[in-house]
Every structure is written in structure tokens, then in C-alpha cells.
Amino acid sequence: MNKGLRRPIIAGNWKMYKTVKEGEELVNGLKRELYKVTDVDVVVCPPFTLLVNISDMLLETNIGLGAQDTFWEEEGAYTGEVSAKMLKDAGCQYVIIGHSERRQFFDETDESVNKKIFAALKNALTPIVCVGENLSEREKGIAFDVIKKQLDGGFKGVSEVDIEKIVIAYEPVWAIGTGKVATPEQAQEAHKYIRGWLSKAYGTDIACKIRIQYGGSVKPDNIKGLMANEDIDGALVGGASLKVETFTAIVMNSR
Ligand code: PGA
């Protein structure tokens, strides 16, 4: 559905990796290798402790900055949490919300995803909202039911104006960090389902504009095959985003 309307977006989710010094080395390498790239949105999502330094390093570059999570309240007695307002203040433009590791290990629910989306939007951050089924759900043939529930709950009350500001990441849990990438056909089928859901909820014109990334063992040698599909608009990259060579190659091969 009109892929030309959607600019590719490749984001690196560093997860809980990199000290300040290591992160700065990685960003220096990416700036060196990627400064000429103007046709893809490139984003890095380091841990909270690196955001301020890296934001300074990325000023006036073509690389965007995102956080890996946020809390929904603006401020208050919430020990250990970081608000969307604080992320904006630290220099972020993006925030990952509802990553499967948050859902699996930190009790993230569709309701908390929903509140976080509103907090991000209020602070002019682009939410990268993750959805995806696990292995047993895929094997039972209920993958799309699971995705539908995540979309229904996560985007509850999100307006037509706001949905256009959102990026969705389809990340089948069985493909994350396992080396088992979904085949381009499996990924396309799920992306098409998600775009169909968007069409039903918001109309085709809006659904055509929303970018849907694939995530799960994306590597330099499989990105091309994924990007060749009509509804795959980019990637959320974990392991392969931690090295200059592999993340650069993924960005280059996505074009
Ligand atoms: P992976 O992680 O690329 O290491 O599979 C992707 C993700 O969790 O976003």
C-alpha cells in the first residue's frame, strides 16, 4: 500500500549494553560512516545513563536519539522511573514503548503501554510501539489475535492526528536475540495484518502513512529481503546495532 509515502526508519535498541565511553565510541563510528545518509531515518536508543552525552554528540547530525522506555507520570515520588518530559529534556526525539522484554520481565501490559504512548505524545516524542507474539502463540495459530489485542489495548483512545506520529515495530518474540529471523513472507503477512488493523481503525489514507518496522535478529544479510516487502518500512535492531560495521551495513542495505 503506497510504500513510497513512508520513509524507511532503522533504529538500534542497545538494550542494557554499553558504558558511556563504549557508547560514545559507537556513536562516533556511526557519525563517520552514516553522515551521507539522507534517505533513511537512523535512530539509536542507548540506556538512560548515556542519553545526555549522546544527545550532545548527535546535535546537527542526521542520527536521531531514542530511549528504551518511559514512565507515564510527568514527575513525582516514583523511585527509579524516568518521565517522558525528562527524556525530551535529555534530547530524545523517540521512545520505545512495550518492548517484549518489558512485557516479559517487567509486567508491561497493554494498559501501561497505552498510558506511556499518551505521555510520549504529550512531550512531542515519537513512540516506537512494539507488538508481537511468542512461539507458543504462533504455534497455536493465534499470532494475529495476540497482535490485535496489543493494538486494541495499546492504541485505545489515540486520535487520527496522533496515530500518524507513531511508529509500530512488529517483533515476534521467538525471533528476538535467537538468530531465528522471521521469513520475509512471515514478516510481511504480519505487517499487512497490522496495516489492515490501522485501515479499519483510522482509514486507508492514514494507514498508508504509518511506518511499521520489523524486529528480531535483523542482520546485514537479511535486511534487504525484509525491506523488499510492501509493508515493511524499516527495522528495530538489537544485537547487530551494537557494532559500527553491522549497524552501518543494515542502514546501507535497507535502501
Ligand atoms: P535482536 O533484538 O535484533 O537482537 O533480535 C531486536 C529487539 O529486541 O528489538
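Rules of the game
- Sequence positions are assigned chain by chain, starting from 1 and proceeding in written order.
- Only residues with pLDDT of at least 70 are given local features in this predicted model, and only at 80 or more are side-chain atom pairs given and counted; all residues enter the totals for whole chains, interfaces and linings.
- To get the side-chain values, all heavy atoms of the structure are used, and hydrogens and water are removed first.
- Strand pairing follows a simple DSSP-based rule, namely that at least 2 bridges must link the two strands.
- By definition, any uninterrupted DSSP run of H or I lasting at least four residues is a helix, any uninterrupted run of E lasting at least two residues is a strand, and each is numbered from the N terminus.
- An axis is simply a line fitted to the C-alpha atoms; with a helix, the fit covers only the stretch in contact. Between two such axes, the angle follows the N-to-C directions and lies from 0 to 180 degrees.
- Here a residue-residue contact requires only that any non-hydrogen atoms of the pair lie within 4.5 Å.
- Here a pair means two rings of Phe, Tyr or Trp (six-membered ring of Trp) with centres within 6.5 Å. Their orientation is stacked below 30 degrees between planes, edge-to-face above 60, and tilted elsewhere.
- Charge-over-ring placement is defined geometrically: NZ (Lys) or CZ (Arg) within 6 Å of the ring centre, and within 35 degrees of the ring normal.
- A simple rule labels every residue: compare its accessible area, found with a 1.4 Å probe on the protein chains alone, to the largest value its type can have, and call it buried under 20%, exposed over 50%, or partly exposed in between.
- Directions drawn from the helix axis to the C-beta atoms are what define this arc.

**Re the sheet that holds strand β1 (residues 9-13)**
In step 1: Taken together, the eight strands give a closed barrel; going around it, the order is β1-β2-β3-β4-β5-β6-β7-β8, and neighbouring strands pair in parallel fashion. Geometrically, the sheet is characterised by an average inter-axis angle of 25° between neighbouring strands, direction not taken into account.
In step 2: Taken strand by strand, helix α9 (residues 184-202) contacts β5 (126-131), β6 (167-170) and β7 (211-215), and its axis lies near 150° from that of β7.
In step 3: Across the face of the sheet, helix α12 (residues 244-253) comes into contact with β1, β2 (41-45) and β8 (234-237) while running at roughly 160° to β1.

**Points about the packing of aromatic side chains**
In step 1: Summed over all chains, the structure comprises seven aromatic pairs.
In step 2: The interplanar angle of 85° and the centroid separation of 6.4 Å between the aromatic rings of F105 and F106 together place this pair among those described as edge-to-face.
In step 3: Ring centres of Y170 and Y214 lie 6.3 Å apart, and the angle between their planes is 55°; on these two criteria the pair is classed as tilted. Of the two residues, Y170 is situated in strand β6 and Y214 in strand β7; the sequence distance between them amounts to 44 residues.
In step 4: Through a chain of ring-to-ring contacts, the aromatic side chains of F71, W72 and Y78 assemble into a single cluster.
In step 5: The ring of F106 has R102 sitting right over it, with the charged end atom 4.0 Å from the ring centre.

**Some thoughts on helix α2 (residues 51-58)**
In step 1: Listed as buried for α2 are L51, I54, S55, M57 and L58. Viewed along the axis of α2, the buried residues span an arc of 160°, placing them on a single side of the element.
In step 2: Buried-residue contacts for α2 involve α1 (20-34), β2, β3 (63-67) and α3 (84-90).
In step 3: Downstream of α2 by a residue or two, E60 has a phi angle that is positive, lying close to 60°.

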